[in-house]
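Given next are the chains, with one letter for each unit.
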Amino acid sequence: MKLALCIGINDYPGTENDLAGCRNDADDWAGALVARGFDTRLLLDASATGAAIRAGIRDLLASTSAGDAVVITYSGHGTWLPDADGDEPDHRDEAICPHDIAANGPLLDDELHDMFALAAPGVRTVLISDSCHSGTLTRLHHPIGDHPSRTRFLPPATFLPPHQHLRAAQLPPAGPAPRPLAAAPRTKPREATTDQRPTALLLAGCRDAEYSYDATFDERPNGAFTYVALSTLNRLAPTATYREWMRAIRTTLPSQDYPQTPALRGTGEQLAWPLLA
């Protein structure tokens, strides 16, 4: 069985930080997954609340067994919060931003990790995240070159209450070391090994201290990472692996217009999985 959940959020009420390409991303991922035999569900804008995303992921994983494949794609804002349990070397918990983040807050990487751990042994779980994971509050918040674009980063000040915002503002700028969102064990090493098994394979639009870009291609809004990843996917052999996919993506990103470095995190076994199979 092959199951997928594609999440795309352009509309962020109460934040003044709407995006343009995330619904198209979700539609494009869904089309590619359906073509590869996945039973695919969409969560778009107002339907992609925090509660709906959590329920969607849990329901998906609860219906699988060994040998099944699960793919979850997320396109929308990313953010971070001050780490509360001491498991983050940079003192930040990365997070994704549901439609109702202004009212109900983000979905942290720790919680995603715990949800993915619910999958039965032998289920191939993949998370594809086209969002910003962390970074300073102002860097790269402007168009790049001749290609108008916007970063997919929602500053913590947008949704945190004042006392928590003050704590966030006291943290030093984020470092350059990439870490996975949700896919790594709680120690979050820079590179997973066969002795440190992540709960899901992660393909991310950028490194932890970088931004993913909301862009436009042929007058149609898309995430820069999603556009490149799907364009590359269509050129790969049916037997290609995730490692080979990432190598192909990195021939295009980062670029001068979109200075984001796509990241791939998983065990050696996971990196050698055949794509979307």
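Note: the structure precedes this text.
A quick note: this is a predicted structure, and the numbers were derived from the prediction, not measured. (Residues numbered from 1 in each chain as written. Predicted model: local features only at pLDDT ≥ 70, side-chain atom pairs only at ≥ 80, totals over all residues. Heavy atoms only, no water.)

Student: Residues and numbers for the environment of A117, please.
Tutor: Mapped onto the elements of the fold, A117 is located in the loop between α4 (109-116) and β7 (124-130). Placed 56 residues apart in sequence, A117 and L61 show a C-alpha to C-alpha distance of 9.2 Å. (Helix = DSSP H or I, 4+ residues; strand = E, 2+ residues; numbered from the N terminus.)

Student: Let's hear about the pattern of salt bridges: which residues, and what values?
Tutor: According to the stated counting rule, one finds four salt bridges in the structure shown. Between E111 and R54 there is a salt bridge whose closest N-O contact spans 2.6 Å. Here the residue E111 occupies a position in helix α4, and R54 occupies one in helix α2 (residues 50-62), the gap between them amounting to 57 residues. You can call E111 partly exposed: its relative accessible area is 24%. R54 gets classed as buried once you look at its relative accessible area, which sits at 19%. In this structure, a network of salt bridges that share partners links the residues R54, R58 and E111. (Salt bridge = Lys/Arg side-chain N within 4 Å of Asp/Glu carboxyl O. Buried < 20%, exposed > 50% of the residue type's maximum accessible area, 1.4 Å probe, protein only.)

Student: How would you sum up helix α7 (residues 242-249)? Please name residues and give values.
Tutor: Those residues of α7 not exposed but buried are Y242, W245, M246, A248 and I249. Seen from one end, α7 has its buried residues packed into an arc of 160 degrees, which puts them on one side. Its buried side turned inward, α7 meets α1 (22-35), β7, β9 (201-204), α6 (224-233), β12 (263-265) and α8 (268-271). (Arc of directions from axis to C-beta. Contact = heavy atoms within 4.5 Å.)

Student: With reference to specific residues and values, describe the pairing of β9.
Tutor: Side-chain alternation along β9 places L201 and L203 on one buried face and L202 and A204 on a second face that is also buried. Inspection of the sheet shows β7 paired to β9 by four bridges, in the parallel sense. Its bridge partner being in β9, L127 is matched across the sheet by L202. (Pairing = 2+ DSSP bridges.)

Student: Talk me through the sheet that holds strand β3 (residues 69-75); I want residue IDs and the actual numbers.
Tutor: Pairing in this open sheet of six strands is mixed, and the strands run β2-β1-β3-β7-β9-β12 from one edge to the other. Where the open sheet ends on each side, the last strands, each with one partner, are β2 (39-44) and β12. Taking the axes of each pair of neighbouring strands and ignoring which way they run, one obtains an average angle of 10 degrees across the sheet. Pairing of strand β1 (residues 2-8) with β3, which is carried by seven bridges, proceeds in the parallel orientation. In the strand pairing of β3, L3 is matched with V70. Packing of α2 onto the sheet brings it into contact with β1, β2, β3 and β7, and relative to β1 it is tilted by some 170 degrees. (Axes fitted to C-alpha atoms, helices over the stretch in contact; angles between N-to-C directions.)

Student: Please provide a residue-by-residue account of the packing of aromatic side chains, values included.
Tutor: Aromatic ring pairs are described here by two measures, namely the spacing of the ring centres and the angle between the planes. Under the criterion given, the structure shown has five aromatic pairs. Both rings, one in W29 and one in W245, keep their centres 6.2 Å apart while their planes meet at 70 degrees; by these two values the pair is edge-to-face. Within this pair, whereas W29 is found in helix α1, its partner W245 is found in helix α7, the two being separated by 216 residues in sequence. With a centroid separation of 6.1 Å and an interplanar angle of 45 degrees, the aromatic rings of Y242 and W245 are classed as tilted. Within this pair, Y242 and its partner W245 are both found in helix α7, separated by three residues, close to a single helical turn. One exposure class covers both Y242 and W245, and it is buried. The rings of Y213, F217, Y227 and Y258 are connected pair by pair, giving a single aromatic cluster. (Phe/Tyr/Trp six-rings, centres within 6.5 Å; stacked < 30°, edge-to-face > 60°.)

Structural measurements only, silent on function.
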